[in-house]
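Structural description and commentary
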Amino acid sequence: MPKRVLGVNAVFHDPASAVVVGGRVVGAAEEERFTRRKHGKVPVAFSTWELPERSARWCLAYAGVTPEQLDAVAYSYDPGLAPARSEDVTADAWEGLRTLYVERAPLFLRTALPGLDPDVVRFVPHHVAHAASAYLASPFRSCAVLVLDGRGEAASHLAGHVCDGALEVLATQRLPHSLGLVYESLTVHLGFKRASDEYKVMALASYGRPSLLGELRDAMWTTGDGGFRAEPLDWKRFAPPVRPGDEWSAEHADLAASVQRRLEEILLELARWLHERTGERALALAGGVALNCVANSRIWREGPFDDVWVQPAAGDAGTALGGALFVARELGDSVSPMTAAALGRGWSDDELAGWLDRAGVVYERPDDVAEVAAETIARNGVVAWFEGRAEYGPRALGHRSLLADPRYPANLERLNKVKGREQFRPIAPMVLLERASQIFDGGPIPSPYMLFTHRVREDWAERIPAVVHVDGTARIQTVDPAEEPLTARMLRAYERRTGVPVVVNTSLNTAGRPMVDDPRDALECFGSARVDLLVMGPFAVRRPGSAAAARVVREQVLVG
Ligand SMILES: [Fe+2]
C-alpha cells in the first residue's frame, strides 16, 4: 500500500507544505503564495505555532487525500535535538517558547487539519530534512550531501554520505558557528531584510573588491574535520550600517564582496573534505546558503565533484518536501526524484476563462500564445507569463514569469522599476537548452533551476546586454523543449524574429509581494504594473494603447 505523507515547514521562516504519495512528489507549495504575505511569517520564536495551513489543505485536496488517510506528517524540526527547555520560556531570546510550540505542533496540526491523528506526526531533524530535499529529490542514488543554513535545532550544517538512498551523517557544525547567520547579520547591516534579502548582498558583492579578505580569513575558517568556525564580527569596523534611505557606498560593496569571497572559499574547502571522505562523484546541496548561485558555480567549476545538484527550494520551504520524502522512504516506499519545480497550483482553461470573464477584461484565444508573446517581446514589450503549475522555491521558471527583450540595456532599469527593486539587482535570462552552450559557459548546462551563474561569451554579451551582470555573468535558466514545450516554442518564435534564443525572465510579482500564484494575483499584477501583455494559459490580454502588444496587421498590397 503506497504511503501518504504530508510534509510541513513551520519553525523559522518560509512555511510550506508538500505531499508525497507512494514515494512520488504530488504537490508542494509555499504558504506565502496563498496568504500573499512575503516569506509567510515573521521569523521569530512567537510565530512558531503558525502552521502552513492553506498550503497543507491545498496539498491534501490536490492529492485527493483526507487528513484521516495520512500515514504520516513530517515536521521538519526535532524538538528533542533543541537545547533543553527550562521552565522559563523567555530565556535565550525565547528559545524555550519555540521548542514548546514545536512540541505542541501535533495538536496544532489536528486543529488545522480536522480528522488528523496527532500520533502520525513525526519530527524530522531540520538538517536531515534539508539534506533529504537534495539527495532524495536529486537524480543520484548515491552521492555526497552538504547542507548549510542559518540554523536548525542546534547546528548550522550537515555533511553526509548517501548510499542507495540511505544517509550517513559525517559531520555537523554546532551553533553558534553558522555561515548562514554571518551572512544574515551582514544582510541586516547593509540595510536589507534578515532571512529574506541575502541574495541582494550577493548582487551587491559583484560591485566590490574583496579587500577585507585577510581579516575575514582570521574570523572564519574550516577546522579540517568537516566543520568550521565563524566568529562574530563587528561589521561597523569595516563600513557604517546602512539605514533606510541611505545610499550604499564602495565600502559596503567591498565588505559584501569580501564576505561573499570568504564564503565561497569555505564552501570549496568543505566540499573537498567531503569528496575525500566519500569518494563520490556527485554532490547534492541544500539549505539557504545553497541559494547562493555564485558560490554554487565556484563549487561546480573549482570543486572536486563531477556533478552538482541543488534543490530549487533550497531554503527552509524545501524542508517540507525533504521531510516528506525522508519519512516516505522510512515507511518503505521507494522514492522517485523530482523532475520539475512546477509543483504548485494550476488552473484549467475553463477556470482561467472564468477569471478573465469576471474581471471584464478584453481577451482573446490566439492560435498560439507563444507566437503572440514572442511578437510582443520582439517589439520590446513586457509580458506577464502565467502558465501551468506554480513553481516551488524562490525562482520563476517560466510558469509565473515576467518576460522582456534582452537586447536593450535599458530593460534592466525598466524591469527593476516595474518590480520596485534596487537598481543594482540583475535580471536573468532564459535560453533554449540546445543553444545555451554557444552563449554561456563556466556553469552546468542544463541548468533548469537558475541556481548557478554562467559567464556570457564575449561575442554574445553585447547582443543581450540587459541580462549581463556587471561581472560579465548571468544566472541562466535553460529551457528543454521536452520538459517545457510551450516556453521553448515562445523562445523559438522569438529567435525566429530576432536571431536571439534568449529572453529576460524575472519573477512575476511587484515590490515586496510574493510571486503571483493564482489568476487573481496575475490580473492584479497586470492591472497595477506597466506590463504590455498578459498571457494566461491559452489566453492573451493586450494592454490597451500598447504599441508592443498591438495586433500585427498584415500589410496589404494595393494593385493598380
Ligand atoms: Fe534551514
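Reading the values: the criteria
Residues numbered from 1 in each chain as written. Predicted model: local features only at pLDDT ≥ 70, side-chain atom pairs only at ≥ 80, totals over all residues. Heavy atoms only, no water. Pairing = 2+ DSSP bridges. Helix = DSSP H or I, 4+ residues; strand = E, 2+ residues; numbered from the N terminus. Axes fitted to C-alpha atoms, helices over the stretch in contact; angles between N-to-C directions. Contact = heavy atoms within 4.5 Å. 1 Å grid on protein atoms, 1.4 Å probe; cavity = no way out; pocket = protein on both sides within 12 Å on 5 of 7 lines; lining within 4 Å. Points joined across faces, edges and corners; volume = space filled by probe spheres on them. Nonpolar A, V, L, I, M, F, W, Y, C, P; charged D, E, K, R; others polar. Phe/Tyr/Trp six-rings, centres within 6.5 Å; stacked < 30°, edge-to-face > 60°. Buried < 20%, exposed > 50% of the residue type's maximum accessible area, 1.4 Å probe, protein only. Lys NZ or Arg CZ within 6 Å of the ring centre and 35° of its normal.

So, on to the sheet that holds strand β3 (residues 24–30). Ordered in space as β3-β2-β1-β4-β5, the 5 strands form an open sheet in which the pairing is mixed. With one partner strand each, in any of the chains shown, β3 and β5 (121–123) form the two edges of the open sheet. Taken over all neighbouring pairs, the strand axes of this sheet differ in orientation by 20° on average, direction set aside. Bridging between strand β4 (residues 72–75) and β5 involves 3 bridges; their strand directions are parallel. Counted as the bridge partner of Val 73 is Val 121 from β5. Contacts between helix α3 (residues 91–112) and the sheet are confined to β4 and β5, with β5 contributing the most and set at about 160° to the helix. Across the sheet, helix α10 (residues 318–330) lies against β1 (4–9), β2 (16–21), β3, β4 and β5, angled at about 145° from β1, the strand it touches most.

Volume-wise, the second largest pocket comes out at about 650 Å³. In terms of lining, the second largest pocket is formed by 35 residues, of which the most central are Trp 309, Pro 446, Ser 447, Pro 448 and Tyr 449. Per element, the largest residue contribution to the lining of the second largest pocket is 4 residues, and it comes from strand β12 (residues 307–310). Split by residue class, the lining of the second largest pocket holds 23 nonpolar, 6 polar and 6 charged.

If you walk through the whole model with that rule in mind, you get 10 aromatic pairs. When the centroid spacing of 6.4 Å and the interplanar angle of 90° are considered together, the rings of Trp 309 and Tyr 449 count as edge-to-face. Of this pair, Trp 309 sits in strand β12 while Tyr 449 sits in the loop between β16 (440–441) and β17 (454–456); the two residues are 140 residues apart in sequence, bridging distant segments of the chain. Tyr 449 shares its class with Trp 309; the two are buried. Plain terms: the ring middles of Trp 347 and Phe 386 are 6.3 Å apart, the flat faces sit at 40° to each other, and that makes the pair tilted. One end of the pair, Trp 347, is in the loop between α10 and α11 (349–359); the other, Phe 386, is in strand β13 (residues 383–386), and 39 residues separate them in sequence. Chaining the aromatic ring pairs together yields one cluster made of Phe 34, Trp 58 and Tyr 62. Over the face of the ring belonging to Trp 355 we find Arg 358, whose NZ or CZ atom lies 4.8 Å from the ring centre. Directly above the aromatic system of Phe 386 lies the positively charged group of Arg 400, at a separation of 3.8 Å from the ring centroid.

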